[in-house]
Amino acid sequence: MTDMAYRGSASREFSIGAVLARTTDVFKSGAGRFIALAAVPALPVLLPGLVVADPRSVPWYVWLLAGLLQFFLYFLAQGASVYGAFQEMRGQRFTLAESLEKCLGRVLPLIGAAVLSALGLMLGFLVFVIPFFILAIFWCVTVPACVVERLGPIRSLGRSAELTRGARLKIFVLFLIFIVGAWVAGLVLRLVAAAIGGGMAAIWASYGLGAVWGALGSVLVTVVYYELRAAKEGIDLDQLVRVFD
């Protein structure tokens, strides 16, 4: 795969079509590796329910530890996917080992940003539902900003809000397309799996679909970040990924 012809230009506008096209291109070129990264975070929560006959018999602290481990692994996987997506965009295949290695140095800032954003989103949801969605759009490119620009947690959130300014309605449409697609695909897959193989097949089907959609979401967020910087700052791909070299 090669980078698309419209590399960063200050006059280019942020385009829904361009984001979807590039996301599809990048995801197809490294689908197996992106899915492998996205599949790992769900394992801690999936496994306790599979190793016992009745998941309700699993002690609460096991679920708590599993949830905390999932939280840590999710942001590590998303940060690693940022590196992978940029490698694929510039026509270079990435490996799981190197993507995780590039991300390890940013684990603590990523977790810090994740905790702050989670607290903000929960507060927004409790106060009123609309602030939740507004903040989700504001902070949607926090992870790539943290990884690529080597920013701390608070600055990563601020940088995301800065980059998304002026393009938030388009970003909302993009994520609405993504969410509706995930919901439809999940509904169809669960119905088919339950009809064919029963409850356990439905569980594994949901897990597999979650990994695919999680991987696609990580690529989408990275592409949104790149397209925003290209449109707003005129930065090209080679300049942006120089931090990984």
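All figures in this text were calculated on a predicted structure; none of them were measured in a lab. Counting restarts for each chain: residues are numbered from 1 in the order of the written sequence. Where totals are concerned, whole chains, interfaces and linings use all residues; where local detail is concerned, this predicted model gives features only for residues with pLDDT of at least 70, and gives and counts side-chain atom pairs only at 80 or more. Where side-chain values are given, they derive from all heavy atoms of the structure, hydrogens and water being excluded.

Quick notes on the state of the cysteines
Then, in step 1: Two cysteine sulfur atoms make up a disulfide if the distance between them is within 2.5 Å. Applying the stated criterion across every chain, the model contains zero disulfides.
Then, in step 2: In this structure cysteine 103 is not part of a disulfide, and its nearest cysteine sulfur, from cysteine 146, lies 8.5 Å away.
Then, in step 3: When accessible area is computed with a 1.4 Å probe and restricted to protein chains, residues below 20% of their type maximum are described as buried, those above 50% as exposed, and intermediate ones as partly exposed. Of the residues examined, cysteine 146 reaches a relative accessible area of 0% and is grouped as buried.

A closer look at the confidence of the model for the protein
Then, in step 1: Averaged over all residues, the pLDDT of the protein is 84; the fraction at 70 or higher stands at 88%.
Then, in step 2: One number per residue, pLDDT, summarises how confident the predictor is, and it ranges from 0 to 100. We count a stretch as a helix when DSSP gives it H or I for four or more residues in a row; a strand needs E for two or more, and each element gets its number in order from the N terminus. Within the protein, helix α9 (residues 153-164) carries the highest mean pLDDT (96), whereas helix α3 (residues 43-51) carries the lowest (69).
Then, in step 3: The low-confidence segment residues 1-11 (pLDDT under 50) makes 34 contacts with residues lying over four places distant or belonging to another chain. Note on contacts: a residue pair qualifies if any of its non-hydrogen atoms lie within 4.5 Å across the two residues.

Section: the UniProt feature "transmembrane region" (unreviewed entry) in the protein
Then, in step 1: With numbering aligned to this structure, UniProt lists the feature "transmembrane region" (unreviewed entry) at residues 34-54, 60-86, 107-126, 132-151, 171-196 and 202-226.
Then, in step 2: Between the end C-alpha atoms of residues 60-86 there is a gap of 39 Å, over a span that is 100% helix and 0% strand.
Then, in step 3: Overall, residues 132-151 shows 75% helix and 0% strand. The separation of its end C-alpha atoms is 23 Å. UniProt positions are given in the numbering used here, feature names are shortened, and annotations may be inferred rather than shown by experiment.

Topic: the nonpolar core
Then, in step 1: In this description, a nonpolar core means a group of buried Ala, Val, Leu, Ile, Met, Phe, Trp, Tyr and Cys residues linked to one another through side-chain atoms lying within 4.5 Å. Counting 52 residues, the largest nonpolar core has Phe14, Phe86, Ile171 and Val224 as the members making the most contacts within it.
Then, in step 2: Put simply, the parts of the chain that give this core at least two residues each are α1 (16-29), α2 (31-39), α4 (60-89), α6 (107-127), α8 (142-149), α10 (168-233) and α11 (237-240).
Then, in step 3: Per-element tally for this core: the top contributor is α10, with 16 residues.
Then, in step 4: Beyond its immediate stretch of four places on either side in the chain, isoleucine 171 contacts Phe14, Ile137, Cys140, Thr164, Val224 and Leu228.

Thoughts on a nonpolar patch on the surface
Then, in step 1: Without a salt bridge and with relative accessible area above 30%, a residue can belong to a patch; like charges are then joined within 9 Å and nonpolar side chains (Val, Leu, Ile, Met, Phe, Trp, Tyr) within 5 Å. In these tables, accessible area is a Shrake-Rupley quantity obtained with a 1.4 Å probe, and a residue counts as shielded only by the protein chains included in the view. Salt bridges are identified by distance alone: a Lys or Arg side-chain nitrogen within 4 Å of an Asp or Glu carboxyl oxygen. On the surface, Leu169, Phe172, Leu176, Val180, Trp183, Val184, Leu187, Val188, Leu191, Val192 and Ile196 cluster together to form a nonpolar patch covering roughly 1100 Å² of accessible area.
Then, in step 2: In this structure, leucine 191 sits in helix α10.

As for α9
Then, in step 1: Helix length check: α9, at 12 residues, gives a terminal C-alpha distance of 17 Å against a target of 16 Å (1.5 Å per residue), a fit within 8%.
Then, in step 2: Taken residue by residue, α9 has Ser156, Leu157, Arg159, Ser160, Ala161, Leu163 and Thr164 as its buried positions.
Then, in step 3: Just downstream of α9, glycine 166 is the residue with a positive phi angle, here 90°. Between the first and last residue of a helix there are one fewer steps than residues, each counted as 1.5 Å, and that sum is the expected span.

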